[in-house]
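Summary of the model geometry
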Amino acid sequence: MLKIRAVTAIALLTVFLLATFGAPIQVFSALIAGVLLLAAWEWARLLGLQRITQLVYAALVGAVLVGNMSVNNVGSSISPEVAIGLYKVAAIFWLGVVPFVLIRRPLLTAGIWRWFLLTVGVMLFLAAWQALLVARSHGAFFVLSLLSIVWLADSGAYFTGRQFGSRKLAPSISPGKTWEGVLGGWLLVLLVVIGVLATKALSPNFFLAYATHLGTVGTLIAITGLVLVSVMGDLFESLLKRQAGVKDSSHLLPGHGGVLDRIDALLPAVPLAMLLF
């Protein structure tokens, strides 16, 4: 299983890096749209839709993404006003709705909650696509440094949690996550950010751009907030899976589960990062 997981990770990373560094932004845009289409299918699957309805929902999200790509010449951004509106919708959902859900834990897979999540999901996927496209327009290192916030936080949390974890973060939602893990992931992110700001390495990148607008202290505070919302995104998907009675969002990625399992923390972090930017 570990070998399969490693092979899948290497293949995914290779494709992503090639699209980020070696392909036109139109190819990058199409790749992200494809990933989000698969995630939308898994979103509908977790919310308990029937198989054909899952496909219809994924097709709807795909049509919205393709429509925006066509209207805006594939690789171009939609208007700044629309983009900011999408980011604000994402912010309201991840900072307002999700904390309520994690505390009260209503049934998400039926009734009004299911229809609400299906509706807002379209905007969440579109917001994530738009945010990544804008980030990529600022350069390959810009988008990679943005994504590295989530990747570093996740890796740091995993290794720190395994070594030192004892106090459970949300045992009834995700028993494997610990407060020590979250702290370790956060510290790893801050160390990397401070190192980049001190050396100005890989410029232009997301961290240096933030520092220009917010200053060093403001950047560290903003990055801390992004780490926290990435954790909430992870917990939210874990709650969805627990209520759906499944371990993974799907089995599309050998050794890794589903696409949504890999991007659950990115969905909130990326739009909120670009809203602050």
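This section reports on the structure supplied with the text. Just so you know, these numbers come straight off a predicted model, no measurement behind them.

The rules behind these values
Residues numbered from 1 in each chain as written. Predicted model: local features only at pLDDT ≥ 70, side-chain atom pairs only at ≥ 80, totals over all residues. Heavy atoms only, no water. Helix = DSSP H or I, 4+ residues; strand = E, 2+ residues; numbered from the N terminus. Buried < 20%, exposed > 50% of the residue type's maximum accessible area, 1.4 Å probe, protein only. Contact = heavy atoms within 4.5 Å. Core = buried A, V, L, I, M, F, W, Y, C linked by side-chain atoms within 4.5 Å. Patch = residues over 30% accessible without salt bridge, like charges linked within 9 Å, V, L, I, M, F, W, Y side chains within 5 Å. Areas by Shrake-Rupley, 256 points an atom, 1.4 Å probe, with all protein chains shown as cover. Salt bridge = Lys/Arg side-chain N within 4 Å of Asp/Glu carboxyl O. Phe/Tyr/Trp six-rings, centres within 6.5 Å; stacked < 30°, edge-to-face > 60°. Pairing = 2+ DSSP bridges. Expected span 1.5 Å × (residues − 1). Bend = angle between axes of the 7 residues up to and from the residue. Polar contact = N/O pair within 3.5 Å; in protein donor to acceptor, adjacent residues only side chain to side chain. Axes fitted to C-alpha atoms, helices over the stretch in contact; angles between N-to-C directions. Parallel < 35°, antiparallel > 145°, perpendicular 65-115°, else oblique. Left-handed = near helix turned anticlockwise from the far one by under 90°. Nonpolar A, V, L, I, M, F, W, Y, C, P; charged D, E, K, R; others polar.

A few words now on the environment of Leu17. Looking at the element boundaries, Leu17 is found in helix 1 (residues 2-21). Overall, Leu17 belongs to the partly exposed group, its relative accessible area being 32%. Sequence separation of Leu17 and Ala140 is 123 residues, and the distance between their C-alpha atoms is 8.9 Å. In contact with Leu17, other than residues within four places in its own chain, are Gly22 and Leu144.

All right, on to the nonpolar core then. General note: in soluble globular proteins, nonpolar side chains tend to be found buried as a group. Trp43, Tyr57, Phe206, Ile223 and Phe236 are the most contacted members of the largest nonpolar core, which has 88 residues in total. Not counting residues up to four positions away in its chain, the partners in contact with Phe206 are Phe142, Ser145, Leu146, Ile149, Ile223, Leu226 and Ala273.

Time to look at a nonpolar patch on the surface. Where nonpolar side chains cluster on the molecular surface, the patch consists of Leu13, Leu17, Phe21, Phe141 and Leu202 and spans about 450 Å² of accessible area. Here the element with the most residues in the nonpolar patch is helix 1; it accounts for three residues. One can find Phe141 in helix 6 (residues 140-164). What makes Phe141 partly exposed here is its relative accessible area of 34%.

Here we come to the packing of aromatic side chains. By the definition in use, this model includes 16 aromatic pairs. Ring geometry for Phe21 against Phe141: centres 5.4 Å apart, planes inclined by 70°, an arrangement best described as edge-to-face. Of this pair, Phe21 sits in helix 1 while Phe141 sits in helix 6, and the two are 120 residues apart along the sequence. The exposure class of Phe21 is partly exposed, given its relative accessible area of 44%. Ring geometry for Phe93 versus Phe116: centroids 6.3 Å apart, planes at 40°, classification tilted. Of this pair, Phe93 sits in helix 4 (residues 80-104) while Phe116 is found in helix 5 (residues 111-137), placing the two residues 23 residues apart along the sequence. The exposure class assigned to Phe93 is buried, which follows from its relative accessible area of 2%. Grouping aromatic residues by their ring pairs yields a cluster made of Trp43, Phe93, Trp94, Phe100, Trp113, Phe116, Phe125 and Phe236.

Looking at the secondary structure, you find Thr178 in strand 2 (residues 174-178). Its relative accessible area of 5% is what places Thr178 among the buried residues. The contacts of Thr178, once residues within four sequence positions are left out, are Gly161, Gly165, Ser166, Arg167, Lys168 and Leu169.

Another point: the pattern of salt bridges. Side-chain pairing between opposite charges can occur once the charged atoms of the two side chains come close. Tallying each qualifying case throughout the model produces four salt bridges. Two residues, Lys177 and Asp234, come together in a salt bridge whose shortest N-O distance is 3.2 Å. A residue pair is termed long-range when its members are at least 10 positions apart, and Lys177 in strand 2 and Asp234 in helix 8 (residues 206-244) qualify at 57 residues. Its relative accessible area of 15% is what places Asp234 among the buried residues.

We now examine the pairing of strand 2. Note that strand 1 (residues 168-170) and strand 2 share two bridges and pair antiparallel. When the sheet's bridge partners are listed, Lys168 is paired in strand 2 with Thr178. Between the antiparallel neighbours strand 1 and strand 2 lie three residues.

Moving on to helix 8. The terminal C-alpha atoms of helix 8, which comprises 39 residues, lie only 36 Å apart, well short of the 57 Å expected from a rise of 1.5 Å per residue. The sharpest bend along helix 8 measures roughly 115° and falls at Leu214. The opening residue of helix 8 is Asn205, an N-cap whose side-chain oxygen sits 3.0 Å from the backbone nitrogen of Phe207. Just downstream of helix 8 lies Gly245, where phi reads positive at about 75°.

Let us look at the packing of helix 5 against helix 10 (residues 266-276). For the pair helix 5 and helix 10, the least separation of the axes is 8 Å and the interaxial angle reads 55°. One finds that helix 5 runs oblique with respect to helix 10. Like other packed secondary-structure pairs, helix 5 and helix 10 cross with a definite hand, here left-handed. Taken together, the residues of helix 10 that come into contact with helix 5 (itself represented by Phe125, Ala127, Ala128, Ala131, Leu132, Val134 and Ala135) are Leu267, Val270, Pro271 and Met274. A breakdown of the residues in the contact of helix 5 with helix 10 according to their chemical character gives eleven nonpolar, no polar and no charged.

So, about helix 2 (residues 25-46). Along its 22 residues, helix 2 runs 31 Å from first to last C-alpha, staying within 8% of the 32 Å computed at 1.5 Å per residue. Inspection of helix 2 places Phe28, Ser29, Ile32, Ala33, Leu36, Ala39, Ala40, Trp41, Glu42, Trp43, Ala44 and Leu46 among the buried residues, and these make up the whole buried set. Just beyond helix 2, the residue with positive phi is Gly48, at close to 85°.

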